[in-house]
Amino acid sequence: MILLCLLAPLLAGLLCLRVRDDRSRRRLAVGASGLSLLAAASQLPLLFSDGPSALAQVGWGWLRLDPAGLWTLLVCQAVSLLATLYATGYLVRSARDEVDLEMEASRLSRTPEALFSACFLFLQAAMALVCLAHHLGLLWVAVEATTLASAPLVFHHRDGKALEATWKYLVVCSTGLAIALLGTFFVAVAAHGHSSLDLEALLRAAKVLNKPWLTAGFLLLVVGYGTKLGLAPLHGWLPDAYGEAPSPASAVLSGGLSACSFLALVRAVELVHAAGLAPMAGDVLRLLGLVSLLTAAVFLFGQKDVKRLLAWSSVEQGGLLVFALGVGAPAAAFLQLAAQGFAKTAGFLAASNLIRSHVTPNVSGIRGSLRSRPISARLWLGAILALSGMVPFGTFAAEFLTAQAGLAAGNWISLSVWGLLLLLIFATTLQAVLPMLFGEPLIPWRHEPLWSVLPGIAALLLCALTILLPPFLGPQLSGWFAFP
Amino acid sequence: MRDLVDILLLLLVLSDFLLLGTSFFRTSIKLATAQGLLLGLLPLFDHELTARTVVLALGTVAVKALAFPRILHYALRESGERREREPFVGYALSLVLGAVFLGLSFWFSSRLSLPADAGDSFAVPASFFTAATGLFLFISRRQALHQILGYFVLENGIYIFGLAVVPDEPFLVEVGVLLDVLVAVFVMGFVLFHIHRHLETADVSQLSQLREDR
């Protein structure tokens, strides 16, 4: 059943390249996304089952589903479905606009749309593979596959800027992942004679693994998968890629793909924890988290581009995720993962509406949107508040749990820096966002079509619902975590 | 057999040096193709000859020595440029640095405590040197093609490291890695093609529209 998550998008993606009719292709994409979300949801009992090491075997040997994988899978699939629904209307609009603008362009735009839909689906399949892979080698293959499937999405607009963003995305992420492959081999050396790269076998043999090789392997894996997650100082590609990709793709990149990269990182952390190297891992993760927060705070200040604003916020969220892991609060990290994924989806979709209606990507070109585009503007505000960790969103609970765990572990210094940076980021973000909402509207009011607002509303609702989750985040998501 | 493997590795190191010293695209692609061939031959002599190693060797040759140069030549065909004139680091200096990398690779490998069956091999320093060469090409060249080659050589180095120290890596994973490299080169070639069309040069340092303006 769960294999449907992998196969449905893969097959539908292949079909998309063949189908000529736009309408049936769009339906196919929505159907495949919905089907794989259902398949993932059918495994929900796994999250609530007793016993700390619930694990479901899925067909093949290295494809297994554990609570952390299922959690990430659900977030990815939900974000993908919402983005696909939005993309359906988005692509209709794009096709129509181009007909209006230039006949030539509309003829050319046919192939890119098929490629866009197909790569969107391939990306979903690759993300599902990341969530299911329980072999470090296979995990690497899957993460690299996500990069390759998403590069054509970033290139969708096919102009100079998109080209530059795609180039940076491809070469920086591929090189980062090459380093992760080296890290994977280092772990294999550490496990030489004791275990293969099978995750469960590694965890069982963790105590006897060669410590220096494992430490080196862990650091390389953090660099590699951290590049993919967009942790500073390895984030160079991220603002460009998120900024230039079409908004539905940006939503999946920041909501779903970053969750997968984080899961890959969690696998490495899981391993060093089992091997008794938790303090070292904690130091590295806290440091990386704080550097990411600091970088985001610097670049969010006076940010002029709406989508880049969200991209820098993604760097911030990546920092929050690894920081939560670093202070020993994996449950908080996973809660943050879900909440921020939904919030960023809502953010990118609302930003897309505002950008398209105002015909400018600049913060300064959007004014008084609460009156001209009331729903999108409220969605945008909601998403920004959610990303800043406000009540009633899950991010609030996650940050609260992080602070609690940090206090319990006695990480006073890093926790105070963390809090200070969060405040700073909140202030700078609001400074940029508030003028977009208030004041004299620059464009007349117009009715907002349902397709453009419903997916965003659903994403924001999901983000709000995640605040109810903490009581259910029992040992299933954090059972593996050995406190130092 | 051991000697033969060492000769192959020596040729690999040589090709790294030639790559560091050449400015012509065609020569670079030829050298990378030669590396792909060497990589395909290595497992045949390094491991026992089974169906698995033969399939892997064929796959490696198909991807790294056949598909790779074809895709790059295709991507280059609209470009008028034949060589890279002004890399960030000059060719003479690159060669000197290459010698330094080689020394460091040997020194570093001698200090590692490797598993017994990989310890005495020349493969580990050769792999580190190849990876370092790749990374260096990647950061020291302006032209998109040379950056792709840098990535490719880096990947080669890591592949040899895996071959030397992780002999029992599962078949499926190796095939997966190979497939990823194929698609990566394909996608990069596709982007390279568009860079040529768009900029009429592949100097990627001219891709600088996107930045934080303040």
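Residues numbered from 1 in each chain as written. Chains lettered and ligands numbered in written order. Predicted model: local features only at pLDDT ≥ 70, side-chain atom pairs only at ≥ 80, totals over all residues. Heavy atoms only, no water.

Student: Could you clarify how one ought to interpret the nonpolar core in this entry?
Tutor: For soluble globular proteins, the rule of thumb is that nonpolar side chains tend to be buried together. Ranked by internal contacts, the top residues of the largest apolar core, which has 235 residues, are A:Trp167, A:Tyr169, A:Leu214, A:Tyr225, A:Phe262, A:Trp380 and B:Phe161. In terms of residue count, the dominant contributor to this core is helix α8 (residues 160-190) of chain A (19 residues). Sequence-distant contacts of A:Trp380, defined by excluding residues within four places in its chain, comprise A:Val306, A:Leu309, A:Leu310, A:Gly347, A:Ala350, A:Ala351, A:Leu354, A:Val433, A:Met436 and A:Leu437. Counting six residues, the second-largest nonpolar core is a separate cluster that includes A:Cys16, A:Ala29, A:Ala32 and A:Leu121. (Core = buried A, V, L, I, M, F, W, Y, C linked by side-chain atoms within 4.5 Å. Buried < 20%, exposed > 50% of the residue type's maximum accessible area, 1.4 Å probe, protein only. Helix = DSSP H or I, 4+ residues; strand = E, 2+ residues; numbered from the N terminus. Contact = heavy atoms within 4.5 Å.)

Student: Teacher, can you tell me more about a nonpolar patch on the surface here?
Tutor: Judged by side-chain polarity, B:Leu93, B:Val96, B:Val100, B:Leu104, B:Trp107 and B:Phe108 come together as a nonpolar surface patch covering roughly 580 Å² of accessible area. Take B:Val100: its relative accessible area is 43%, and that puts it in the partly exposed class. (Patch = residues over 30% accessible without salt bridge, like charges linked within 9 Å, V, L, I, M, F, W, Y side chains within 5 Å. Areas by Shrake-Rupley, 256 points an atom, 1.4 Å probe, with all protein chains shown as cover. Salt bridge = Lys/Arg side-chain N within 4 Å of Asp/Glu carboxyl O.)

Student: For this particular structure, what's the right way to read the interface of chain A and chain B?
Tutor: It is common to give the size of an interface as the accessible area that goes away when the parts come together. If you look at the interface, chain A gives 45 residues, while chain B gives 44 residues. Between chain A and chain B the total buried area reaches about 4000 Å² when both faces are included, carbon and sulfur atoms providing 75% of it. Among the residues chain A hides against chain B, the three largest losses belong to A:Glu164, A:Trp167 and A:Phe185. Together they make up 18% of the total. Seen at the junction of chain A and chain B, the total is zero salt bridges. Our count for the chain A to chain B interface comes out at one residue pair in polar contact (both at pLDDT 80 or more). Among the elements of the structure, α7 (136-154), α8, α11 (238-244) and α14 (306-326) of chain A are those that each provide at least two residues to the side of chain A that touches chain B. Of the residues forming the side of chain A that touches chain B, the biggest block, 20 residues, is contributed by α8(A). Its residues assigned to classes, the side of chain A that touches chain B shows 26 nonpolar, nine polar and ten charged. (Buried area = accessible area lost by both parts, 1.4 Å probe. Polar contact = N/O pair within 3.5 Å; in protein donor to acceptor, adjacent residues only side chain to side chain. Nonpolar A, V, L, I, M, F, W, Y, C, P; charged D, E, K, R; others polar.)

Student: Looking at this structure, I do not really get the environment of A:Leu234. What am I missing?
Tutor: Residues and elements named next belong to chain A. One can find Leu-234 in the loop between α10 (211-229) and α11. Owing to a relative accessible area of 24%, Leu-234 belongs among the partly exposed residues under this scheme. Here Leu-234 is in contact with Val-223, Gly-226 and Thr-227, once residues within four sequence places are set aside.

Student: I would appreciate a short explanation of the state of the cysteines in the present structure.
Tutor: One way to say it: the disulfide is the covalent bond shared by the sulfur atoms of two cysteines. Residues and elements named next belong to chain A. Per the counting criterion, the structure on display carries zero disulfides over all chains. Of all cysteine sulfurs, the one in Cys-131 lies closest to Cys-5, which takes part in no disulfide; the gap is 8.7 Å. Summary of cysteine pairing: Cys-119 is not part of a disulfide, and the nearest cysteine sulfur, belonging to Cys-16, is at 10 Å. (Disulfide = S-S within 2.5 Å.)

Student: Whenever I open this one, the pattern of salt bridges confuses me. Can you help?
Tutor: Proximity of charged atoms lets side chains of opposite charge pair with each other. Residue and element names in this part refer to chain A. Scanning all chains against the criterion turns up 13 salt bridges over all chains. One salt bridge in this structure joins Asp-240 and Lys-168, with 2.7 Å as the shortest N-O distance. On the criterion of sequence distance, the pair formed by Asp-240 in helix α11 and Lys-168 in helix α8 is long-range, its members being 72 residues apart. Here Lys-168 falls in the partly exposed class, since its relative accessible area comes to 23%.

Student: Before we go on, may I ask you to explain unusual backbone geometry in this structure?
Tutor: Most peptide bonds take the trans configuration, and most residues that are not glycine carry a negative phi. All names here are of chain A. Put simply, Ala-232 and Pro-233 share a cis peptide bond, and its omega is 0 degrees. In this fold, Pro-233 is placed in the loop between α10 and α11. One non-glycine residue with positive phi stands out, namely Val-359, at about 50 degrees. Positionally, Val-359 belongs in the loop between α15 (330-358) and α16 (369-372).

Student: It is not clear to me how the packing of α8(A) against helix α7 (residues 171-199) of chain B should be interpreted in this structure. Could you clarify?
Tutor: When two helices pack together, you describe them by how their axes are tilted relative to each other and by the distance separating the axes. The N-to-C vectors of α8(A) and α7(B) enclose an angle of 155 degrees; their axes lie 10 Å apart at closest approach. Between α8(A) and α7(B), the angle is such that the two are roughly antiparallel. α7(B) is crossed by α8(A), and the crossing has left-handed handedness. Residues A:Gly160, A:Leu163, A:Thr166, A:Trp167, A:Leu170, A:Val171, A:Ser174 and A:Leu181 of α8(A) form the contact with α7(B), whose participating residues are B:Val177, B:Val187, B:Met188, B:Val191, B:His194, B:Ile195 and B:His198. (Axes fitted to C-alpha atoms, helices over the stretch in contact; angles between N-to-C directions. Parallel < 35°, antiparallel > 145°, perpendicular 65-115°, else oblique. Left-handed = near helix turned anticlockwise from the far one by under 90°.)

Student: Would you mind showing me how to read the confidence of the model for chain B here?
Tutor: Low-pLDDT portions of the prediction should not be read for the details of their coordinates. Taken over all residues, the pLDDT of chain B has a mean of 84, while the share at 70 or more is 93%. The secondary-structure element of chain B with the lowest mean pLDDT is α7(B), recorded at 81, while helix α5 (residues 123-140) of chain B shows the highest, at 92. (pLDDT = per-residue confidence, 0-100.)

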